[in-house]
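# Topology and contacts: notes
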Amino acid sequence: MSASTPIGRYFDVQGGQVYGHVREGDGPALVLLHYWGGSHRTWRPVLELLGPTQAFVAYDHRGWGASAAAPGPYGIEQLADDAQQVVGRLGYDEFVVVGHSTGGKVTQALASRRPAGLRGLVLVAPAPPAPVGVTPEFQEALSHAYDSAETIGRSIDQVLTGRPLGGALRAQVLEDSSRAAEAARSAWPRQGLVEDLSGSVGKIDVPVLVLTGGADRVDPPQVLREHLLPLIPTATLTELDGVGHLSPLEAPDLVARHLADFLRTL
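Residues numbered from 1 in each chain as written. Predicted model: local features only at pLDDT ≥ 70, side-chain atom pairs only at ≥ 80, totals over all residues. Heavy atoms only, no water.

Going through the model one piece at a time under the given rule, you end up with 14 salt bridges. Among the salt bridges present, the one from Arg-170 reaches Asp-157, with a minimum N-O distance of 2.8 Å. Taken as a pair, Arg-170 in helix H6 (residues 167–178) and Asp-157 in helix H5 (residues 149–160) lie far apart in primary sequence, 13 residues in all. Residue Asp-157 is classed as partly exposed on the basis of its relative accessible area of 42%. Connected through shared salt-bridge partners, Arg-41, Glu-175 and Asp-176 make up one network. (Salt bridge = Lys/Arg side-chain N within 4 Å of Asp/Glu carboxyl O. Helix = DSSP H or I, 4+ residues; strand = E, 2+ residues; numbered from the N terminus. Buried < 20%, exposed > 50% of the residue type's maximum accessible area, 1.4 Å probe, protein only.)

Below, the structure written as structure tokens:
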């Protein structure tokens with residue numbers, strides 16, 4: 001297929017619609033899932049560095065961004081259902097799922113189902129399959145991380161980033177983190193974070209690249225080495241020096257390079 005400009009479209013999912021950007025082109029197509037607080041825009045800096053013929057879909061999860069009207073539930077399995085429906089609507093014969101943080105946990109749930117056409121996974125700063133050291137007090141604090149511009153700003157500076165974000169990207173994160181249905185915003189800290197996928201991720205049978213930021217304070221490299229790699233036999237890990245949790249925005253060049261190299265191995 002020839003390269004084309006990404007287009008915006010809505011996809012029917014259970015109970016509503018999700019909005020994304022789609023580009024037709026060469027496969028395997030990329031299915032890009034964003035972090036808790038992100039949107040399809042989180043992936044734009046990475047996609048701009050990939051080849052202009054790379055096929056992809058990047059969409060806003062239900063309850064977020066332009067998909068804010070899509071109703072709950074907002075748990076991991078529901079989000080995996082949505083991804084599977086988007087892939088089905090697009091008719092992809094071969095695809096690679098790229099999931100960031102929460103999107104990385106959704107990716108693990110989806111891949112555990114071994115959907116037809118799945119060629120590989122790229123887990124970018126992923127949440128591990130099961131919670132590590134999560135307490136009710138932590139869940140309560142996390143549920144208020146995006147309450148206001150002030151709390152979002154503190155989250156960016158003190159938790160999410162290892163490198164400063166430029167003005168436009170910082171404004172994007174502030175806006176994306178604010179654009180959510182209230183129930184969707186609270187679903188991750190109160191539900192998705194503590195969902196346990198450890199019994200199913202061993203079913204993943206495609207190559208898995210894990211990209212972790214060396215300065216990630218959310219899901220540090222050592223946590224992933226201890227609590228993700230042993231559970232997914234096909235996974236290998238690459239550490240990005242000095243990068244925090246928002247690597248698609250902090251270091252899109254590194255993410256794009258490793259993603260392109262991974263695609264060439266398939």
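It is worth spelling out helix H2 (residues 76–90) at this point. For H2, built from 15 residues, the straight-helix expectation of 21 Å at 1.5 Å per residue is met to within 8% by its first-to-last C-alpha distance of 21 Å. Residues of H2 that are buried: Ile-76, Gln-78, Leu-79, Ala-80, Asp-82, Ala-83, Val-86 and Val-87. Phi turns positive, to about 70°, at Gly-91, one or two residues after H2. (Expected span 1.5 Å × (residues − 1).)

The 8 strands lie next to each other as E1-E2-E4-E3-E5-E6-E7-E8, forming an open sheet whose pairing is mixed. The sheet is open, and its two borders are formed by strand E1 (7–13) and strand E8 (235–240), each paired with just one other strand. Averaged over all neighbouring strand pairs, the angle between strand axes comes to 20°, with direction disregarded. Along the sheet, helix H3 (residues 102–112) contacts strand E3 (26–33), strand E5 (95–100) and strand E6 (118–124); its crossing angle with E5, the most-contacted strand, is approximately 145°. Strand contacts of helix H10 (residues 252–265): E3, strand E4 (54–59), E5, E6, strand E7 (208–213) and E8, with the helix running at about 165° to E7, the strand carrying the most contacts. (Pairing = 2+ DSSP bridges. Axes fitted to C-alpha atoms, helices over the stretch in contact; angles between N-to-C directions. Contact = heavy atoms within 4.5 Å.)

Another point: the environment of Val-194. Residue placement: Val-194 occurs in the loop between helix H7 (182–190) and E7. Its relative accessible area of 34% is what places Val-194 among the partly exposed residues. Spatially, the C-alpha atom of Val-194 lies 6.6 Å from that of Ala-130, the residues being 64 residues apart in sequence. If sequence neighbours within four positions are ignored, Val-194 has contacts with Lys-105, Pro-131, Val-134 and Gln-139.

All right, on to the pairing of E3 then. Taken across its 8 residues, E3 has 6 buried, putting it largely inside the fold. Strand direction decides the pairing type here: E3 and E4, joined by 4 bridges, are parallel. Within the sheet, the bridge partner assigned to Leu-30 lies in E4 and is Phe-56. Sheet topology note: the E3/E5 ladder contains 5 bridges and is parallel. Bridge assignment links Val-31 to a residue of E5, and that residue is Val-97.

Don't take any of this as a statement about function, it's just geometry.
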